[in-house]
Amino acid sequence: MDFVGNGYSANSQIDNGLTIYFPTTIKRIRTTFWKCNLHFPSETPPSTMASHTSYRGSNNTIYVPKNCTTAYYNAFGDENRYIEE
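Just so it is clear, the model here is predicted, and its values are computed rather than measured. (Residues numbered from 1 in each chain as written. Predicted model: local features only at pLDDT ≥ 70, side-chain atom pairs only at ≥ 80, totals over all residues. Heavy atoms only, no water.)

A. Inspection of helix α1 (residues 69-76) at higher detail. When we look at burial in α1, the residues that qualify are Y72, A75 and F76. Down the axis, α1 shows its buried residues gathered within 80° of arc, on one side only. When the buried face of α1 is taken as reference, the exposed residues oriented beyond 90 degrees from it are T70 and N74. Tucked into the core, α1 has its buried residues touching β4 (28-29), β7 (61-64) and β8 (81-84). One or two residues past the end of α1 sits G77, with phi positive at roughly 85°. (Buried < 20%, exposed > 50% of the residue type's maximum accessible area, 1.4 Å probe, protein only. Helix = DSSP H or I, 4+ residues; strand = E, 2+ residues; numbered from the N terminus. Arc of directions from axis to C-beta. Contact = heavy atoms within 4.5 Å.)

What follows is the structure, given as structure tokens:
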């Protein structure tokens, strides 16, 4: 899977507290997540178009592999909570 998008537009948003498990093959995310639980099994975070801050999402709980918080923080920013698992 190259990217996640919900099929509406590049500025789409997924919210409502969904829990989403991403495969290790995810490379790029083009959807904004808000108040979601995001589980990433890969040590390398997907690209998020970080130059466009709306793609980074906010108020999410992001579950990452142990010792990978810094990499995901750099990808998704400081408006999210990170938990190593």
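B. Molecular detail of the sheet that holds β7. Judged by pairing direction, the sheet is parallel, and its four strands sit side by side in the order β3-β6-β7-β8 without closing on themselves. Only two strands of the sheet have a single neighbouring strand rather than two, namely β3 (19-21) and β8. Taking each pair of neighbouring strands and ignoring which way they run, the sheet shows an average axis angle of 15°. Sheet topology places β7 next to β8; four bridges connect them, and they run parallel. Residue pairing in the sheet places T61 in a bridge with R81 of β8. (Pairing = 2+ DSSP bridges. Axes fitted to C-alpha atoms, helices over the stretch in contact; angles between N-to-C directions.)

C. Structural detail: the confidence of the model for the protein. When pLDDT is averaged along the protein, the result is 80, and 76% of the positions lie at 70 or above. Looking over the protein, one finds the lowest element-wise mean pLDDT in strand β1 (residues 3-4), namely 54, and the highest in β8, namely 97. (pLDDT = per-residue confidence, 0-100.)

D. Representation of the side chain of N80. Among the secondary structure elements, N80 is positioned in the loop between α1 and β8. A polar contact is formed between the side chain of N80 and the side chain of N60, at a distance of 3.0 Å. Other than its neighbours up to four places away in sequence, N80 contacts R56, G57, S58, N59, N60 and I62. (Polar contact = N/O pair within 3.5 Å; in protein donor to acceptor, adjacent residues only side chain to side chain.)

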